Amino acid sequence: MPTETVRVLVVGAHPDDCDLKAGGVACKYADRGDEVLFVSMTNGEAGHHELAGRELVERRRAEAEASAAVAGAEFEMFDVPDGRLEPSLENRDRLIRTIREFRPDLVLTHRPNDYHPDHRYTAQLVRDAAYLVAVPNVCPATPALDRNPVFAYLSDGFDRPYPFSPDVVVDVDDVADRKFEMLDCHESQMYEWLPHVEDALAEVPDDPDARFEWLRDGGLPHVEALADVSDRFRDALVERYGADGEDVRYAEAFEVSEYGRPLTDDAAERLFPF
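The structure reproduced in this document is the subject of the present report. (Residues numbered from 1 in each chain as written. Predicted model: local features only at pLDDT ≥ 70, side-chain atom pairs only at ≥ 80, totals over all residues. Heavy atoms only, no water.)

1. Overview of empty space enclosed by the protein
For the coordinates displayed, the defined rule picks out two cavities of 30 Å³ or more. What the largest cavity holds in volume is close to 60 Å³. If you tally residues by element for the lining of the largest cavity, the top one is helix α5 (residues 176-185), at three residues. By residue class, the composition of the lining of the largest cavity is six nonpolar, no polar and one charged. There is about 40 Å³ of room inside the second largest cavity. (1 Å grid on protein atoms, 1.4 Å probe; cavity = no way out; pocket = protein on both sides within 12 Å on 5 of 7 lines; lining within 4 Å. Points joined across faces, edges and corners; volume = space filled by probe spheres on them. Helix = DSSP H or I, 4+ residues; strand = E, 2+ residues; numbered from the N terminus. Nonpolar A, V, L, I, M, F, W, Y, C, P; charged D, E, K, R; others polar.)

This is the structure:
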């Protein structure tokens, strides 16, 4: 058990975003006894081709809670309509209060340049909150933090205006099975909506065990891309893990934002002790 608990907040736009990009490290933190909170900025009500409204919202909430439980994390969901997130003062204040109440050491979220407006506005809201979480006269009813957390971005494959450039790349092979179990909890996404979007719906097996193996083996392009992180940042893995880094299959990568506390060598050792 660690001598000092690390508190990690992952802010995603949708109920499955945290799991996809940080599910592995969430498992590793929780296994150490650290505290992990997943927050979805929207309720996921647009993420399906057949279901909609409260039925889909509650289904996705239950899926996300089950997934977080696999990791040993907690889950919260803002009741903001999927696809309609705005970088408003109301949403900023709510996020500031959430960050202050959880008091994280590390906050992970999307980068500002992303294909989905909810991802972009989540990134903007987190960046806008980054300084203000330590300003007492902003949202004064919720005590301000003594100092900013470290803020970092989740990996993506977008190149413009600049490509993702990680400061930390973590081997998650030892928890890869649990990460796929987390994704398996998101049935509405992994086996219905995303296959529909990616024209792979007919390929999804009916049997639960078979479809899990289909997901695990890269049947869904959206998930298959997770294995690309280790290849893209192989040099960083070798630098971190030595020769063992050559054999890493699954990794998660994080780029530190300038808007939070700097990631010093001491902070990196504490916040990413893997």
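2. A few points about the nonpolar core
Core analysis: the biggest nonpolar cluster contains 48 residues, and Tyr-29, Phe-38, Leu-108, Met-190, Leu-215, Val-223 and Phe-254 have the highest contact counts within it. With seven residues, the single largest contributor to this core is helix α1 (residues 17-32). Residues contacting Leu-215, with those up to four places away along its chain left out, are Phe-180, Leu-183, Asp-184, Met-190, Tyr-191, Leu-220 and Val-223. If you look at the next biggest cluster of nonpolar residues, it comprises 23 residues, including Met-41, Phe-78, Leu-125 and Leu-145. (Core = buried A, V, L, I, M, F, W, Y, C linked by side-chain atoms within 4.5 Å. Buried < 20%, exposed > 50% of the residue type's maximum accessible area, 1.4 Å probe, protein only. Contact = heavy atoms within 4.5 Å.)

3. Regarding the sheet that holds strand β4 (residues 106-109)
The strands making up a sheet are joined through hydrogen bonds of the backbone, oriented either antiparallel or parallel. Reading across from one edge, β3-β2-β1-β4-β5-β7-β6 is the order of the seven strands in this open sheet, with mixed pairing throughout. The sheet terminates laterally at β3 (74-77) and β6 (168-171), the two strands that pair on one side only. Neighbour to neighbour, the strand axes of the sheet diverge by 25 degrees on average, direction disregarded. Pairing geometry for strand β5 (residues 150-154) and strand β7 (residues 251-256), over three bridges, is antiparallel. Within the sheet, the bridge partner assigned to Tyr-153 lies in β7 and is Glu-255. Contacts between helix α3 (residues 89-102) and the sheet are confined to β1 (7-12), β2 (35-40) and β3, with β1 contributing the most and set at about 160 degrees to the helix. (Pairing = 2+ DSSP bridges. Axes fitted to C-alpha atoms, helices over the stretch in contact; angles between N-to-C directions.)

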